[in-house]
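# Breakdown of the fold
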Amino acid sequence: MYQATNIYFICGFAAIGGGLFGFDISSMSGVLGTQAYKRYFNNPVSYRQGGITASMPAGSLVGSLASSFIADRFSRKVALQVSCVLWIIGSIIQCASINVGMLCAGRVIAGLCVGIASSVVPVYQSEIAPKEIRGRVVSLQQWAITWGILIQYFIQYGAAQVGGGPDDPNQPTSAFRIPWGIQMVPAVILFVGLFFFPYSPRWLASKDRWDESVRVLAALHGGGDVNHPKVLAEYKEIEEALRFEREEAVTSFQALVQPRIFRRVVLGMSIQMWSQLSGMNIMMYYIVYIMEGAQIASPLTTASVQYVINVALTLPAILYLDKIGRRPALIIGAFLMMVLLFTSGSLQAVYGRPNDGSSFKDITWIVKGHPAASKGIVAVSYLFVATFATTWGPTSWTYPAEIFPGKVRAKAVSLATASNWFWNMILAFAVPPLLWSINWKMYMIFAAFNGAAFVHMTLMAPETKGYTLEEMDEVFDSGRPAWKTQKKTSRLDQLTRDIELGKVKVAAPGQGIRGSAGSPSGAADSGVAPEGDTEKAHHAHADEKKVIT
């Protein structure tokens with residue numbers, strides 16, 4: 001059966017799992033302004049709307065926590081297929097909703113999918129990609145989210161025109177049933193497509209399926225040649241890292257709370273927390289309310305510009321994240337978002353006033369009679385989205401997926417993602433009443449959160465670009481402060497050169513040692529040895545006496 005081998009294609013296709021999250025975001029934000037939705041569900045605002053919105057991240061929280069058990073036992077690929085089935089079921093229930101309870105149930109089930117997919121997709125991508133482009137391909141998760149938001153928003157925008165349009169008091173319910181039904185299509189495509197994609201080579205290695213692991217590495221990184229120096233070097237790195245983890249003789253749960261790992265777990269969870277507390281949720285879930293308050297143009301049309309910006313400006317981050325690095329993106333992004341939110345809050349505080357009821361009834365604070373201020377608020381919203389898209393958006397998925405050892409990677413990333421969904425759920429529930437009760441002051445709160453993230457990342461987040469997944473222990477266990485970077489030659493690159501020059505001999509499972517005339521060796525006989533020590537190399541893995549680092 002055909003198996004895809006192009007890394008960009010594999011990681012980009014897997015990122016459809018992230019696109020499902022984007023579909024959900026805009027399928028809700030898009031219907032908020034339609035009369036069909038307001039009439040059918042009795043005009044939900046404040047806590048009622050917050051509960052509907054929060055039901056999806058509540059399911060995602062559970063899904064993200066469960067994801068590691070599925071991904072570790074059945075593989076990353078199967079976990080993604082399970083998430084697709086859940087998404088299809090959830091979409092069907094949402095599309096057929098006859099009341100708020102049924103709508104929330106469908107969103108919870110769809111949320112289980114999003115929680116699993118958002119945890120597993122970055123792990124799958126990071127375990128397949130070489131270190132040189134890992135940041136780029138894992139960032140495709142965020143780009144897929146932005147595409148999902150944009151595509152579903154315009155589907156919703158078109159559906160909102162049914163009947164007499166979004167302001168028609170008798171608008172038919174197809175205005176929200178059409179987009180909620182269409183959103184199952186990408187899940188069907190992803191489910192079928194995954195049958196033609198490889199398993200993670202690192203997951204295969206963890207199950208001692210070494211022959212398959214090396215064949216996948218060869219297909220991805222060596223043009224199909226299992227004796228390619230880079231394939232052999234990467235195989236040896238994975239083997240030695242796995243051996244070290246097994247020699248520690250601790251369970252993955254025990255390893256999570258070891259001080260050297262727990263510090264990374266806290267960092268990963270914090271990054272996902274700060275990405276939610278940055279204020280992007282306000283801009284994505286409730287952008288229609290913000291545009292209504294600014295009293296400028298059509299809220300749905302003005303909001304659509306923001307989604308286009310989100311897609312377009314995520315692309316530069318994808319292209320340059322592996323050159324600029326993760327640390328500058330986190331620090332600069334937090335600082336700029338802090339400034340922009342303080343600006344937006346100040347404009348609304350100075351030029352806004354309480355809603356007297358003559359305008360939109362689902363908001364309490366409006367900026368009226370000050371067109372320049374209204375345009376300024378919208379412009380700042382656009383700049384905020386542009387900043388998030390180029391910095392925290394992609395980096396908040398890339399960084400947690402690459403900093404953990406293989407033994408705990410799926411579980412640690414699931415905890416980090418659970419942190420994302422926990423705060424997503426809290427904010428989805430809290431933002432509507434906050435907008436209702438404290439209006440512009442909410443922007444000041446989120447600006448302060450960005451200030452805290454700026455300080456935290458400056459002090460605690462070391463640079464990870466250019467390191468393999470197996471080299472992350474050197475980054476975090478070196479004792480150096482996060483702001484002091486070390487320029488070094490990658491251990492993988494050095495091992496690759498040594499194999500090419502014949503200084504080190506490596507035997508892949510089922511293959512002869514590269515550069516030797518010896519007989520082929522099995523998985524238990526693979527090893528590494530200096531040139532001239534070929535006989536020892538045949539038994540390096542079996543007796544664990546010869547380890548080259």
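Described in the following lines is the structure provided in the data block. Fair warning: this is a prediction, and the values are worked out from it, not measured in the lab.

Attention now goes to the overall build of the chain. When its secondary structure is counted, the chain shows 28 helices and four strands. When the accessible surface of the chain is split by element, carbon and sulfur atoms take 66% of a total near 19,800 Å².

Next up on the list: helix 12 (residues 210-221). Taking 1.5 Å per residue, twelve residues should reach 16 Å; helix 12 reaches 16 Å between its end C-alpha atoms and fits that length. Within the sequence span of helix 12, burial applies to W210, S213, V214, V216, L217, A218, L220 and H221. On its buried face, helix 12 is in contact with helix 1 (7-14), helix 6 (100-128), helix 11 (201-206) and helix 13 (229-247). In the segment just after helix 12, G223 is the residue with positive phi, at about 60 degrees.

What follows is about the nonpolar core. Counting residues in each nonpolar core, the largest one holds 56 residues, and the members touching the most others are I7, I10, F21, W87, I128 and V137. Among the elements that take part in this core, helix 6 stands out by supplying nine residues, more than any other. Apart from residues no more than four positions distant in its own chain, I128 is found in contact with I7, I10, C11, P201, L220 and H221. Among the nonpolar cores identified, the runner-up in size contains 46 residues, and I261, Y399, V408 and F476 belong to it.

So, about the side chain of T34. With respect to the secondary-structure elements, T34 resides in the loop between helix 2 (16-31) and helix 3 (35-40). Among all residues touching T34, those that are not within four sequence positions of it are Q156, A160, P166 and Q171.

For an α-helix the count is 3.6 residues per turn, leaving residues at separations of three or four pointing the same way. Restricting attention to buried positions, one finds in helix 10 (residues 185-193) the residues P186, A187, L190 and G193. Projected down its long axis, helix 10 shows its buried positions confined to an angular sector of 135 degrees, all on one face. Among the structural elements, helix 1, helix 2, helix 5 (76-95) and helix 9 (174-182) are those in contact with the buried residues of helix 10.

Contact geometry for helix 8 (residues 140-159) and helix 9: axes closest at 8 Å, N-to-C directions at 150 degrees. In terms of axis orientation, helix 8 runs roughly antiparallel to helix 9. Every pair of crossing elements has a handedness; the one defined by helix 8 and helix 9 is right-handed. Between helix 8 and helix 9, the contacting residues are Q152, I155, Q156 and A159 on the first element and S174, A175, F176, I178, P179, W180 and I182 on the second. Taken together, the residues of the contact of helix 8 with helix 9 break down into eight nonpolar, three polar and no charged.

What follows covers the layout of surface pockets. Of the volumes computed, that of the largest pocket is approximately 830 Å³. What lines the largest pocket is a set of 36 residues, among which I238, E240, A241, L242 and E245 lie closest to the centre. Counting only elements with at least two residues in the lining of the largest pocket, the list comes to helix 11, helix 13, helix 23 (409-437) and helix 26 (491-501). The element best represented in the lining of the largest pocket is helix 13, accounting for eleven residues. Of the residues in the lining of the largest pocket, the class split is eleven nonpolar, five polar and 20 charged.

Cut-offs and rules
For every chain, the first residue of the written sequence is number 1, and numbering continues from 1 onward in sequence order. Local features in this predicted model are restricted to residues whose pLDDT is 70 or higher, and side-chain atom pairs enter the listing and the counts only when it is 80 or higher, whereas totals over whole chains, interfaces and linings include all residues. With hydrogens and water excluded, all non-hydrogen atoms of the structure serve as input to the side-chain values. Strands are runs of DSSP state E lasting at least 2 residues, helices are runs of H or I lasting at least 4, and numbering of each runs from the N terminus. In this description, accessible areas are obtained by the Shrake-Rupley approach with a 1.4 Å probe, and a residue is regarded as covered only by the protein chains that are shown. Expected span, for any helix, means 1.5 Å times one less than how many residues it has. Note on classification: 1.4 Å probe, protein chains only; a residue is buried when its accessible area is under 20% of the maximum for its type, exposed when over 50%, partly exposed between these limits. We call two residues contacting when some pair of their heavy atoms lies within 4.5 Å. By convention a nonpolar core is built from buried Ala, Val, Leu, Ile, Met, Phe, Trp, Tyr and Cys residues, the set being connected through side-chain atoms within 4.5 Å. Working definition: the arc comes from the directions between the helix axis and the C-beta atoms, pointing outward to the latter. Think of each axis as a best-fit line through the C-alpha atoms, taken over the contacting stretch in the case of a helix, with angles from 0 to 180 degrees between the N-to-C directions. The cut-offs work like this: below 35 degrees is roughly parallel, past 145 is roughly antiparallel, 65 to 115 is roughly perpendicular, and the gaps in between are oblique. Throughout, a crossing is termed right-handed when the near helix is turned clockwise from the far one, and left-handed when it is turned anticlockwise from it by less than a right angle. Gly counts as polar in this scheme, as do all residues outside two lists: the nonpolar Ala, Val, Leu, Ile, Met, Phe, Trp, Tyr, Cys and Pro, and the charged Asp, Glu, Lys and Arg. Both cavities and pockets are sets of points on a 1 Å grid over the protein atoms alone; in a cavity a 1.4 Å probe fits but cannot get out, in a pocket the set is open with protein on both sides within 12 Å along at least five of seven lines, and lining residues sit with an atom within 4 Å of a point. Grid points are joined across faces, edges and corners, and a volume is the space filled by probe spheres set on the points.

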